[in-house]
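# Remarks on the overall topology
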Amino acid sequence: GAIKSARSPDWIGDKLHSLSPWLGSHCYGYYRDSVTWLAAEVQCENHHPGAHLASILNDAERDALGQYLSKMTSGDVWIGLHNPCKGKTWLWSDGSRFHYTTWVPNEPNNLGGKEYCGEVYASTGYKNWNDIPCEKKNTYVCKY
């Protein structure tokens, strides 16, 4: 579909369902507002009950979301990945178990000791993650 305004995203549950049955239980919405990671998470929670920044839990979800985001934007995009205790433990903002990873090679590297939030990289077709300072302004993708 066409890019919608930031206030009414292109929720794509049905589109993803046609790509992979497992994904049919979730809806995704891309928002063009460039905001910090925390602002994006709060916006997701406000946009729809139960929504959070998107978690990516397997290859099928990664691939489908990558195809979707490639049609919507050309910049890096916030996902629900964060490191709130600033240690080695990464978490999903929606509480999903963190057991699947698809980092860009040599990431996470915590460059400068201040990279505690996760984005999907445009340059990898939105299939790989990078750690980045949470204050960076990115567009974002929500999931519920």
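I will try to describe carefully the structure that is included in this document. The model shown is predicted, which means the values in this text are computed figures rather than measured ones. (Residues numbered from 1 in each chain as written. Predicted model: local features only at pLDDT ≥ 70, side-chain atom pairs only at ≥ 80, totals over all residues. Heavy atoms only, no water.)

## Brief notes about the overall build of the chain
Assigned secondary structure in the chain consists of three helices and seven strands. Listing the helices and strands of the chain from first to last along the sequence gives α-β-α-β-α-β-β-β-β-β. Counting the 144 residues in the chain, one finds 47% classified as buried. Accessible surface, the chain as shown: approximately 7000 Å² in total, 52% of it carbon and sulfur. (Helix = DSSP H or I, 4+ residues; strand = E, 2+ residues; numbered from the N terminus. Buried < 20%, exposed > 50% of the residue type's maximum accessible area, 1.4 Å probe, protein only. Areas by Shrake-Rupley, 256 points an atom, 1.4 Å probe, with all protein chains shown as cover.)

## Some points on helix 3 (residues 59-72)
For helix 3, built from 14 residues, the straight-helix expectation of 20 Å at 1.5 Å per residue is met to within 8% by its first-to-last C-alpha distance of 20 Å. Every buried residue of helix 3 is listed here: Glu61, Arg62, Ala64, Leu65, Gly66, Tyr68, Leu69 and Met72. You can read the cap of helix 3 off the contacts: a side-chain oxygen lies 3.2 Å from the backbone nitrogen of alanine 60, and it is on asparagine 58. (Expected span 1.5 Å × (residues − 1). Polar contact = N/O pair within 3.5 Å; in protein donor to acceptor, adjacent residues only side chain to side chain.)

## Overview of the pattern of salt bridges
Applying the stated criterion to the full structure yields six salt bridges. For lysine 143, the salt bridge goes to glutamate 61, with nearest N and O atoms at 2.7 Å. Of this pair, lysine 143 sits in strand 7 (residues 138-143) while glutamate 61 sits in helix 3; the two residues are 82 residues apart in sequence, bridging distant segments of the chain. Owing to a relative accessible area of 4%, lysine 143 belongs among the buried residues under this scheme. The buried category is assigned to glutamate 61, whose relative accessible area is 1%. Where salt bridges share partners, they join Asp59, Arg62, Asp63 and Lys127 into one cluster. (Salt bridge = Lys/Arg side-chain N within 4 Å of Asp/Glu carboxyl O.)

No statement about biological role is implied by the geometric values presented.
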